[in-house]
Amino acid sequence: METCPDCTYVEAQVKGDSRYAIIDIGSHVKYLKEFLRLRDTHPAFDNAKRHGAAGIPCFVLEDGTVTLSPEEAGLHARPVAEGASCSIDGSGC
């Protein structure tokens, strides 16, 4: 999502790299529904939900693995020094 600093950090890394496909869940309700279905059922999101995080960006790897770790997708996470991530409880963004 454009308003997620972690998402925009990841998107900048993959721009022009055909190995990655960016799906902006805010661009169409069908993408949001797909994401929510995955988030509601996959254990990779359990910790994020426990801490009030949205669970984005998330990564679905070629082998079907779902992870919230940019490193597992061959990318870099946004440095902590760049500010807090968005949280439902208002502690970020």
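Coordinates for the structure precede this section.
Residues numbered from 1 in each chain as written. Predicted model: local features only at pLDDT ≥ 70, side-chain atom pairs only at ≥ 80, totals over all residues. Heavy atoms only, no water.

A. Expanded view of the environment of Leu-36. Mapped onto the elements of the fold, Leu-36 is located in helix 2 (residues 29-41). What makes Leu-36 partly exposed here is its relative accessible area of 35%. Sequence spacing of Leu-36 and Gly-55 is 19 residues, and the spatial spacing of their C-alpha atoms is 9.9 Å. (Helix = DSSP H or I, 4+ residues; strand = E, 2+ residues; numbered from the N terminus. Buried < 20%, exposed > 50% of the residue type's maximum accessible area, 1.4 Å probe, protein only.)

B. Molecular detail of a nonpolar patch on the surface. A cluster of nonpolar residues, Val-29, Leu-32 and Leu-36, forms a patch on the protein surface that exposes about 230 Å² of accessible area. Position of Leu-32 relative to the elements: it lies in helix 2. Judged by its relative accessible area of 33%, Leu-32 is partly exposed. (Patch = residues over 30% accessible without salt bridge, like charges linked within 9 Å, V, L, I, M, F, W, Y side chains within 5 Å. Areas by Shrake-Rupley, 256 points an atom, 1.4 Å probe, with all protein chains shown as cover. Salt bridge = Lys/Arg side-chain N within 4 Å of Asp/Glu carboxyl O.)

C. Quick peek at the side chain of Arg-39. Residue placement: Arg-39 occurs in helix 2. With no salt bridge to any partner, buried Arg-39 finds its closest opposite charge in Asp-40, at an N-O distance of 4.5 Å. Not counting chain neighbours up to four residues away, the residues in contact with Arg-39 comprise Phe-45, Lys-49, Ala-53 and Ala-54. (Lys, Arg positive; Asp, Glu negative; His and termini not counted. Contact = heavy atoms within 4.5 Å.)

D. Structural context of the pattern of salt bridges. Overall, the coordinates contain two salt bridges when judged by the stated rule. In this structure, the salt-bridge partner of Arg-19 is Asp-17, at a minimum N-O distance of 2.6 Å. Residue classification places Arg-19 among the exposed positions, given a relative accessible area of 65%.

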